[in-house]
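What the coordinates show
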Amino acid sequence: MTTTWGKPEGETSEQTAEVHRRWFEKNQAMRRDRWQERAKVPTRFHHFSALDLPAGVRTEVQGFIDGCVAGTDGGVGLLFYGPPGSGKTTAATVALREVLARASMDWLGRTPGLGAPIQPGRFISYADLIALQQRAFRSDDRGEAAQEIVDSLFLDEADNANVKILALDDVGKEHSGGSGFTVNVFHRLIRTRFDAAAPTIITTNIYPDAWADGYGEATASFLSEAFLTIPMVGRDRRRGR
Ligand SMILES: Nc1ncnc2c1ncn2[C@@H]1O[C@H](COP(=O)(O)OP(=O)(O)O)[C@@H](O)[C@H]1O
Ligand SMILES: [Mg+2]
């Protein structure tokens, strides 16, 4: 049997192009599935989409997603606030997962010479972030592993392990004690990410008028500048409303 360029006999160049296109698409789909797994969004939130969000919230979340997909988002994040059970984490995970499903590889962080991003999106609770940051001070393997995760959130220079879009869940739970350490880590994180045009999505039960008390004046004013603030207060969670 004779073949040219490993192409089955009789196959036209259009057919070859089609085979390549399908192979490429399958490859891309597998890569996006891996990104979703590595984002570590709890499974119970996987079946929601933007269509499930209350109308006003949906419009703002959709605008954010579209900005990331079009590559025009300059690092402005989303901040959902409201009481427990108002749908904050649901809205945050919808935004994260839809951006991971649709944004371009370049926006998500292709690194010249290193290729595709490894974990362009990540969900983490604020309590876990603080625990990681504390563990990173240990001078053993666990400390080193924690430091690597922390670095990926704080964005190392030119590293394809960087997390381009971060969902930080339940900010403020730790603030009852008002530890300077946690406030500091939080401020540095959102500031560094904003400066690197890497959006952060925050959920919190702290209302805007209490930010200054909980996080300090500087952080409060930065939050109002670098985030689109979305109240989940009194929202009707029923589909389509
Ligand atoms: N848009 C929605 N449509 C249907 N159910 C929702 C929606 N948003 C949240 N829920 C449900 O309400 C509950 C609380 O949502 P969650 O996002 O965890 O709230 P919060 O983070 O504000 O505490 C969950 O069980 C979730 O499944
Ligand atoms: Mg929540």
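As shown above, the structure is provided for reference.
Residues numbered from 1 in each chain as written. Chains lettered and ligands numbered in written order. Predicted model: local features only at pLDDT ≥ 70, side-chain atom pairs only at ≥ 80, totals over all residues.

Quick look at the overall build of the chain
Secondary structure assignment for the chain yields 9 helices and 5 strands. Listing the helices and strands of the chain from first to last along the sequence gives α-α-β-α-α-β-α-α-β-α-β-α-α-β. C-alpha extents for the chain along the principal axes are approximately 75 × 50 × 30 Å. Taking all 241 residues of the chain together, 31% fall into the buried category. Once local pairs closer than 6 in sequence are excluded, the contacts in the chain between residues at least 24 apart make up 79%. (Helix = DSSP H or I, 4+ residues; strand = E, 2+ residues; numbered from the N terminus. Buried ≥ 20, exposed ≤ 12 C-beta atoms within 10 Å, placed from the backbone. Contact = placed C-beta atoms within 7 Å.)

Describing helix α1 (residues 13-39)
With 27 residues, α1 should cover 39 Å at 1.5 Å per step; its first-to-last C-alpha distance of 39 Å lies within 8% of that length. Taken across its 27 residues, α1 has 2 buried, putting it largely on the surface. Lys40, located one to two residues past α1, shows a positive phi value of around 60°. (Expected span 1.5 Å × (residues − 1).)

Observations regarding the site of ligand 1
Around ligand 1, the structure places 13 residues, and the nearest of them are Ser86, Gly87, Lys88, Thr89 and Thr90. Sorting elements by how many residues they give to the shell around ligand 1 places helix α3 (residues 88-102) first, with 3 residues. Tallied by class, the residues present in the shell around ligand 1 amount to 2 nonpolar, 7 polar and 4 charged. (Near = placed C-beta within 6 Å. Nonpolar A, V, L, I, M, F, W, Y, C, P; charged D, E, K, R; others polar.)

A word on the packing of α1 against α3
The N-to-C vectors of α1 and α3 enclose an angle of 155°; their axes lie 9 Å apart at closest approach. Between α1 and α3, the angle falls in the class roughly antiparallel. In terms of crossing hand, the pair formed by α1 and α3 is right-handed. Within the contact between the two elements, α1 uses Arg32, Trp35, Gln36 and Ala39 and α3 uses Leu96, Arg97, Leu100 and Ala101. Class assignment of the residues belonging to the contact of α1 with α3 gives a composition of 5 nonpolar, 1 polar and 2 charged. (Axes fitted to C-alpha atoms, helices over the stretch in contact; angles between N-to-C directions. Parallel < 35°, antiparallel > 145°, perpendicular 65-115°, else oblique. Left-handed = near helix turned anticlockwise from the far one by under 90°.)

Structural notes on the sheet that holds strand β2 (residues 121-125)
The parallel open sheet is built from 5 strands, whose spatial order is β2-β3-β4-β1-β5. Every interior strand has two partners, whereas the edge strands, β2 and β5 (227-231), have only one. For this sheet the average axis-to-axis angle between neighbouring strands, irrespective of direction, equals 15°. Pairing analysis gives 5 bridges linking strand β1 (residues 77-81) to β5, with the strands arranged parallel. (Pairing = 2+ DSSP bridges.)

Some details on unusual backbone geometry
Residues apart from glycine generally show negative phi values, whereas peptide bonds are mostly found in trans. Positive phi, normally seen in glycine, also occurs at Lys40, with a value near 60°. Note that Lys40 resides in the loop between α1 and α2 (55-70). Positive phi, close to 55°, is recorded for Ala197, a residue that is not glycine.

A closer look at helix α5 (residues 126-135)
Taken as a whole, α5 has its buried residues at Tyr126, Leu129 and Gln133. Along the long axis of α5, the arc covered by the buried residues comes to 55°, so they all point the same way. Elements that come into contact with the buried residues of α5 comprise β2, α6 (141-154), β3 (165-171) and α7 (180-195). (Arc of directions from axis to C-beta.)

A closer look at the environment of Trp23
Looking at the element boundaries, Trp23 is found in helix α1. By C-beta crowding, Trp23 is classed as exposed, having 10 other C-beta atoms within 10 Å. For Trp23 and Ser221, which are 198 residues apart along the polypeptide, the C-alpha to C-alpha distance reads 48 Å.

Here we look at the pairing of β1
For β1, the tally of buried residues reaches 5 of 5 residues, placing the bulk of the element in the interior. The alternating pattern of β1 places Gly77, Leu79 and Tyr81 and Leu78 and Phe80 on opposite faces, both of which are buried. In the sheet, β1 pairs with strand β4 (residues 200-204) via 4 bridges, with the strands oriented parallel. Note on β4: the bridge partner recorded for Leu78 is Ile201.

Some details on the environment of Arg97
Within the secondary structure, Arg97 sits in helix α3. With 23 C-beta atoms counted inside 10 Å, the residue Arg97 sits in the buried group. Taking C-alpha positions, Arg97 is 17 Å from Gly75, a pair spaced 22 residues apart along the chain. Setting aside residues no more than four positions away along its own chain, Arg97 makes contact with Gln36 and Val41.

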